[in-house]
Amino acid sequence: DVKVTQSSRYLVKRTGEKVFLECVQDMDHENMFWYRQDPGLGLRLIYFSYDVKMKEKGDIPEGYSVSREKKERFSLILESASTNQTSMYLCASSRPRTTSQPQHFGDGTRLSIL
Amino acid sequence: GDSVTQMEGPVTLSEEAFLTINCTYTATGYPSLFWYVQYPGEGLQLLLKATKADDKGSNKGFEATYRKETTSFHLEKGSVQVSDSAVYFCALHDTGRRALTFGSGTRLQVQP
């Protein structure tokens, strides 16, 4: 089974802090994704990466950046955390190119910005 | 652009009742369609998928049929259990895009 592991289940940070969310997958997947989940809005794509050092903006990239130095690891960075970034963050991975390949999700990180 | 519309919840049912959660979509290409489930405190798990028109996906007693003529992918189960209580997300993966497009999710509460 594919395993996607997010480093923290719960995280509390202060406004203005630089925040790192880490995600590791063990199935050698090329694609990795960061979503945020908010009530009534479903999942919204922040960034994704289709190869090491490659990234593309998703639908809501403002205030975020990402890093993918190794194939198995994809980091989401909040450069200067703000209260409107309080949310559930979900990481996912998948094989490339074909639309029939599902995404595999981690358990999520619930981030609170005070 | 692509979009997915789900019925709003919560949906509250008694155990052994019949379940339908509606999902319709708009897409520019030839998408694959998915249902994901999120149990409390967990990430999303793939429930079922269909990759072309008239395909039926099924898993754990849940079914959904890819209807291109009505652009729908409704989720059904004949007899729900308390353990089915969760949030259900409909999603599509369109050609030319790398990421999924999700609906807003439907919370299902099953009472004993």
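The structure under discussion appears in the preceding block.
What counts as what
- Residues numbered from 1 in each chain as written.
- Chains lettered and ligands numbered in written order.
- Predicted model: local features only at pLDDT ≥ 70, side-chain atom pairs only at ≥ 80, totals over all residues.
- Heavy atoms only, no water.
- Contact = heavy atoms within 4.5 Å.
- Salt bridge = Lys/Arg side-chain N within 4 Å of Asp/Glu carboxyl O.
- Polar contact = N/O pair within 3.5 Å; in protein donor to acceptor, adjacent residues only side chain to side chain.
- Helix = DSSP H or I, 4+ residues; strand = E, 2+ residues; numbered from the N terminus.
- Nonpolar A, V, L, I, M, F, W, Y, C, P; charged D, E, K, R; others polar.
- Phe/Tyr/Trp six-rings, centres within 6.5 Å; stacked < 30°, edge-to-face > 60°.
- Buried < 20%, exposed > 50% of the residue type's maximum accessible area, 1.4 Å probe, protein only.
- Pairing = 2+ DSSP bridges.
- Axes fitted to C-alpha atoms, helices over the stretch in contact; angles between N-to-C directions.
- Disulfide = S-S within 2.5 Å.

Remarks on the interface of chain B and chain A
- Each partner contributes to the interface: chain B provides 21 residues, whereas chain A provides 22 residues.
- At the boundary of chain B with chain A, the tally comes to zero salt bridges.
- Between chain B and chain A we count four residue pairs in polar contact (both at pLDDT 80 or more) in total.
- Looking at the side of chain B that touches chain A, the elements with two or more residues in it are strand S5 (32-38), strand S6 (44-50) and strand S10 (86-93) of chain B.
- Top element by residues in the side of chain B that touches chain A is S5(B). It accounts for four residues.
- Looking at side-chain class alone, the side of chain B that touches chain A contains eight nonpolar, nine polar and four charged residues.

Observations regarding the packing of aromatic side chains
All names here are of chain B.
- If you walk through the whole model with that rule in mind, you get 12 aromatic pairs over all chains.
- Ring centres of Tyr25 and Tyr66 lie 6.1 Å apart, and the angle between their planes is 80 degrees; this geometry places the pair in the edge-to-face category. Here Tyr25, found in strand S4 (residues 23-26), pairs with Tyr66, found in the loop between strand S8 (62-65) and strand S9 (75-77); they are 41 residues apart in sequence, far enough to count as distant. As far as the burial class goes, Tyr25 and Tyr66 line up, both buried.
- Taken together, a centroid distance of 6.3 Å and an interplanar angle of 90 degrees make the contact between Phe89 and Phe102 edge-to-face. A residue pair is termed long-range when its members are at least 10 positions apart, and Phe89 in strand S10 and Phe102 in strand S11 (residues 101-102) qualify at 13 residues.
- Using a relative accessible area of 8% as the deciding quantity, one classes Phe102 as buried.

Looking at the environment of A:Lys53
Residue and element names in this part refer to chain A.
- Checked against the element boundaries, Lys53 lands in the loop between strand S5 (42-51) and strand S6 (54-57).
- Look at Lys53 and you get exposed, because its relative accessible area is 57%.
- Placed 49 residues apart in sequence, Lys53 and Val4 show a C-alpha to C-alpha distance of 19 Å.

Structural notes on the pattern of salt bridges
- The tally for this structure, following the rule as stated, stands at nine salt bridges over all chains.
- A:Glu79 serves as the salt-bridge partner of A:Lys18, at 3.7 Å between the closest nitrogen and oxygen. Of this pair, A:Lys18 sits in the loop between strand S2 (10-13) and strand S3 (19-25) while A:Glu79 sits in the loop between strand S8 (73-78) and strand S9 (87-94); the two residues are 61 residues apart in sequence, bridging distant segments of the chain.
- Measuring nitrogen to oxygen at the nearest pair gives 3.3 Å for the salt bridge that ties B:Lys52 to B:Asp55.
- Note on B:Lys52: relative accessible area 51%, which makes it exposed.

Details of unusual backbone geometry
Residue and element names in this part refer to chain B.
- Here Gly9 and Pro10 are connected by a cis peptide whose omega angle stands at 0 degrees.
- Residue placement: Pro10 occurs in the loop between strand S1 (3-6) and strand S2 (11-14).
- Even without glycine at this site, Thr71 takes up a positive phi of about 40 degrees.
- Relative to the helices and strands, Thr71 resides in the loop between S8 and S9.

Let's talk about the sheet that holds S9(B)
All names here are of chain B.
- The four strands are arranged S3-S9-S8-S7 in an open sheet whose pairing can be described as antiparallel. In this open sheet, the two strands that pair with only one neighbour each are strand S3 (19-21) and strand S7 (56-59). Recorded for the sheet is a direction-independent mean angle of 15 degrees between the axes of neighbouring strands.

Points about the state of the cysteines
Residues and elements named next belong to chain A.
- For the structure shown, the criterion picks out two disulfides over all chains.
- What pairs with Cys23 in a disulfide is Cys91, and their sulfur atoms sit 1.9 Å apart. Every disulfide takes its handedness from the sign of the S-S torsion; for Cys23 and Cys91 that torsion is -80 degrees, giving left-handed. Placement of the pair is Cys23 in strand S3 and Cys91 in strand S9, with a sequence separation of 68 residues.

Some thoughts on the side chain of A:Ser75
All names here are of chain A.
- In this structure, Ser75 sits in strand S8.
- Only 2.5 Å separates the side chain of Ser75 from the side chain of Glu22, close enough to count as a polar contact.
- Those residues in contact with Ser75 that sit more than four places away from it in its chain are Leu21, Glu22, Trp34, Ser65, Val66 and Ser67.

Digging into the side chain of B:Thr106
All names here are of chain B.
- For Thr106, the position within the fold is in strand S12 (residues 106-111).
- Thr106 gets classed as buried once you look at its relative accessible area, which sits at 0%.
- Reaching out from Thr106, the side chain makes a polar contact with the backbone oxygen of Met7 at a distance of 2.7 Å.
- Aside from chain neighbours lying at most four places away, what touches Thr106 is Gln6, Met7, Gly9, Val11, Ile21, Ala86, Val87 and Tyr88.

Don't take any of this as a statement about function, it's just geometry.
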